[in-house]
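Structural description and commentary
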Amino acid sequence: MTTLRYHDDERLAPEQRAALCGPGAMFERTTENVLGADIEVFVRRPRSLVEVLRTSAEQFGDRPYLVFPDLHGGGETVTFADVPGRAGAIAQVLADEYGVGHGDRVAFASANSLDYALAQLAVVSLGAIIVGLNGWWTGPELAYGMEVTKPTVLFGDEARLARLAEVGIEGTPMLHVDGSAPLPEPGEGGVIDEDDPFMILFTSGTTGRPKGATLTHRNLVHMGSAMAFGRAVTMLLNHVPPPAPDAPPPASICATPFFHISGTAPLFMTGSRFGSSLIFPPPGRWDPAVHLRLTADHRVSAWSGVPTQFWRMLEHPDFDTFDLSCLTLVSSGGAPFPPELMRVLNEKIPTANLSNGYGMSESMGAGTLLSGARYVTHRESVGAPYPTLEVQIRDDDRNVLPEGEVGEICLRGGVVFKGYWDDPDATAQVLDDERWYHSGDYGRIEDGVLWLESRMRDLIIRGGENIYPMEIEHRLVEHPGISDAAVIGVEHRTLGQEVKAVVVLHDGASLDAAAVQEWVAQGLAAFKVPAHVEFRDALPYTQTGKVMKHLLESESI
């Protein structure tokens, strides 16, 4: 049986390893029962996100935490020390005026903003649960998310509330409150258990409807501990000295929406756990020039994004006018780095190390990480597991496969989610009794790292957005003029992939590509609308009735 585990700490000298993770050390580990399964955990760990937030306020004090510049020298900055008062005031309003308490859901449908960030921190402090509704969803999609989670309160901005109003649902407007009330103690409103949910994030559904991945305090705290341990090991192995007392604090740009795992993790972990200043672009469509300017102005040390964004910045006509020598890390996880992109990044930003990884919402974005020396020796892989995370490859009968054989990627560890909200059947399909998460992605273990073969077979990754064809196919065949449809991904240089629909019309029906696109746009988010539409007399099927998408894909090359 082959189980891939983190093993970099085994390369440390015995005295280094003992000081870092031996008995009584900061990263000592043990095995505990977590939701019915024996899971490796860190002994010395925060027991809730409230503890993390309170500790960060004490540790980092007046260091900028949430920075919302307006590009004209203004804007607003909230320090780590400010957070208990600012978030505590919102928590008090939620509890006193809306009755929000332990286990209640509070939904968010908004573009990123300071109010959005602080309100999320407030919700967590009450032991309540954030519901991250996809801000790009249409009115019916937003209504579906609310129907599934039944939130007590909805925070929304004008655009999203208007979409909900169109389908007959009115939400609570964004609250603008301020004050000096401290964050509630974890015991107020109900004791926060490590395995209590803090957030529900919707994932694209392979069976048509998105599912709410339920993430716990343990999941995010454990991710932070694993990251901290991995960083400490890497620094020792590479003989990197600790930062000087007068060194500028780390800073990163948070351009990803909070309803994505890669937007949530920086807010609750990269910032609060590691003292990193989070710089937020102004509202509106992502702009490569703005990203470059914010990097130079705020001496940003790390970029995290998807290949589409990096290409647009590297190819911007003003790229060479910005001082980017502050960058030390460029990382991606939404889609693999193409080799040509890696070459150009190394050439144009020589100060930055590159890293890539594999993860999903169901694992708090954690899984495997490719960085350091492995980036040179195993650059086509997705790296080794995060500390304490286990990876196995299994066949269709869930038997563990030996090294080198291709099968389904399965993960287990403290970062693995609790299940899908109010959907035990969907949960049982992906989480077994030993809390192995069966990802549906395919890969192999070889030479100590994970190699990704395919992602969910049909999954389309467009600019870092996961798109499952079945949801679009269901929408297409709801049209009275369409009798059959199949959706595939086609290559795109900067987006990675675009959506293509292959459509069969009913006899006598007449539609053009624009009409098909308009129909999809009325029911689904804009990024799911097919960029390409092809009409056929029939789709190719196997004898068992499955569409042979590989034929459609080969004919689209």
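Along every chain, residues carry numbers that run from 1 in the direction the sequence is written. Given that the model is predicted, a residue must reach a pLDDT of at least 70 before its local features are reported, and side-chain atom pairs must reach 80 or more before they are shown or counted; all residues, however, enter totals for whole chains, interfaces and linings. Values reported for side chains reflect all heavy atoms of the structure, with hydrogen atoms and water molecules removed beforehand.

Quick word on the overall build of the chain
- Counting from the N terminus, the helices are the DSSP runs of H or I reaching at least four residues and the strands are the DSSP runs of E reaching at least two. What the chain contains, in helices and strands, is 16 helices and 26 strands.
- Radius of gyration: over C-alpha atoms. The globule rule applied is 2.2 Å multiplied by the number of residues raised to the 0.38 power. At 23 Å, the chain has a C-alpha radius of gyration in line with the 24 Å of a compact globule built from 557 residues.
- Relative accessible area decides the class of each residue, using a 1.4 Å probe on protein chains only: under 20% of the type maximum gives buried, over 50% gives exposed, and in between gives partly exposed. Across the 557 residues of the chain, 57% fall into the buried class.
- Pairs of residues are marked as contacts when any of their non-hydrogen atoms sit within 4.5 Å. If you take every contact in the chain between residues at least 6 apart in sequence, the share linking residues at least 24 apart comes to 66%.
- Carbon and sulfur atoms make up 50% of the accessible area of the chain, which totals about 23,800 Å².
- Positive charges come from Lys and Arg alone, negative charges from Asp and Glu alone, with His and the N- and C-terminal ends not counted. Where a charge sits is defined by one atom per residue type, namely NZ (Lys), CZ (Arg), CG (Asp) or CD (Glu). Once the 43 positive and 74 negative side-chain charges of the chain are each reduced to a mean point, those two points are 3 Å apart. Surface exposure here means Shrake-Rupley accessible area, sampled with a 1.4 Å probe, where a residue is shielded only by the protein chains that are shown.

Some thoughts on the pairing of strand E20 (residues 437-446)
- Burial of E20 is extensive: nine of the 10 residues sit out of reach of the surface.
- As judged from the four bridges shared by strand E18 (residues 407-412) and E20, these two strands associate in the antiparallel manner. Residue pairing across strands places Leu411 opposite Tyr437, the latter belonging to E20. Two strands qualify as a pair provided DSSP detects at least 2 bridges between them.

Quick word on the sheet that holds strand E25 (residues 496-505)
- An order of E24-E25-E26 is seen for the three strands of this open sheet, with the pairing classed as mixed. In this open sheet, the two strands that pair with only one neighbour each are strand E24 (482-492) and strand E26 (532-535). Looking at each pair of strands side by side, their axes are set apart by 25 degrees on average, direction ignored.
- Summarising the sheet, E24 and E25 pair through 10 bridges and their orientation is antiparallel. Within E25, the residue paired with Val487 across the bridge is Ala501.
- For helices, the fitted line uses only the C-alpha atoms of the stretch in contact; every axis is such a line through C-alpha atoms, and the angle between N-to-C directions lies from 0 to 180 degrees. Sitting on the sheet, helix H15 (residues 513-523) touches E25 and E26, and the angle it makes with E26 is about 120 degrees.

Considerations on unusual backbone geometry
- Positive phi, normally seen in glycine, also occurs at Thr388, with a value near 75 degrees.
- You can see Thr388 is positioned in the loop between strand E16 (384-385) and strand E17 (390-394).
- Backbone geometry at Asp422 places phi at a positive 55 degrees, although glycine is not the residue there.

Some points on the sheet that holds strand E8 (residues 197-203)
- Across the sheet, six strands lie side by side as E7-E5-E6-E8-E9-E19; this open sheet has mixed pairing. Edge strands, defined here as strands with exactly one partner in the open sheet, are strand E7 (153-156) and strand E19 (419-420).
- Pairing of strand E5 (residues 105-109) with strand E6 (residues 129-132) involves four bridges; the strand directions are parallel. In the sheet register, Ala107 faces E6, and the bridge partner there is Val131.

A word on the environment of Glu534
- You can see Glu534 is positioned in strand E26.
- Between the alpha carbons of Glu534 and Asp287 there is a distance of 31 Å; along the sequence they are 247 residues apart.
- Residues in contact with Glu534, not counting those within four places in the same chain, are Lys500, Ala501, Val502 and Val503.

Details of the packing of helix H3 (residues 83-98) against helix H4 (residues 114-125)
- With their axes 8 Å apart at the nearest point, H3 and H4 run at an angle of 70 degrees to one another. By the angle class used here, H3 and H4 are roughly perpendicular. Counted together, Val83, Arg86, Ala87, Ile90, Ala91 and Leu94 of H3 and Leu114, Leu118, Ala119, Leu121, Ala122, Val123 and Ser125 of H4 form the full contact between these two elements.
- Under the scheme applied here, ten amino acids are nonpolar (Ala, Val, Leu, Ile, Met, Phe, Trp, Tyr, Cys and Pro), four are charged (Asp, Glu, Lys and Arg), and all others, including Gly, are polar. Per-class residue counts for the contact of H3 with H4 are 11 nonpolar, one polar and one charged. What sets the label is the angle itself: under 35 degrees gives roughly parallel, over 145 gives roughly antiparallel, 65 to 115 gives roughly perpendicular, and the rest give oblique.

Considering the pairing of strand E2 (residues 37-42)
- With six bridges connecting them, strand E1 (residues 29-34) and E2 associate as antiparallel partners. Bridge pairing links Glu32 to Ile39 in E2.
- Taking the residues between adjacent antiparallel strands as the criterion, E1 and E2 are bridged by two residues, where Leu35 takes a positive phi near 50 degrees.

Overview of the side chain of Glu471
- By the secondary structure assignment, Glu471 is in helix H14 (residues 469-477).
- Take Glu471: its relative accessible area is 8%, and that puts it in the buried class.

A closer look at the pattern of salt bridges
- Any Lys or Arg side-chain nitrogen located within 4 Å of an Asp or Glu carboxyl oxygen qualifies as a salt bridge. Following the criterion strictly, the structure yields 26 salt bridges and no others.
- Two residues, Asp195 and Arg218, come together in a salt bridge whose shortest N-O distance is 2.7 Å. Of this pair, Asp195 sits in the loop between helix H6 (158-166) and E8 while Arg218 sits in helix H7 (residues 217-237), placing them 23 residues apart in sequence.
- For Asp195, a relative accessible area of 10% gives the class buried.
- Connected through shared salt-bridge partners, Glu32, Arg45, Arg47, Glu194, Asp195 and Arg218 make up one network.

Notes on the environment of Thr152
- Its location among the elements puts Thr152 in the loop between helix H5 (139-149) and E7.
- With relative accessibility at 39%, the residue Thr152 sits in the partly exposed group.
- Apart from residues lying up to four places away in sequence, Thr152 is in contact with Tyr98, Val100, Asp104 and Arg105.

A closer look at helix H11 (residues 339-348)
- Every buried residue belonging to H11 is among Leu341, Met342, Val344 and Leu345, and all of these are buried. Looking down the long axis of H11, one finds its buried residues gathered within 170 degrees of arc, a one-sided arrangement. Exposed residues lying more than 90 degrees from the buried face of H11 are Pro339 and Glu347.
- Where the residues of H11 are buried, they touch helix H10 (307-314), strand E13 (329-332), strand E14 (353-359) and helix H12 (374-377). The arc in question is the one traced by the directions running from the helix axis out to the C-beta atoms.

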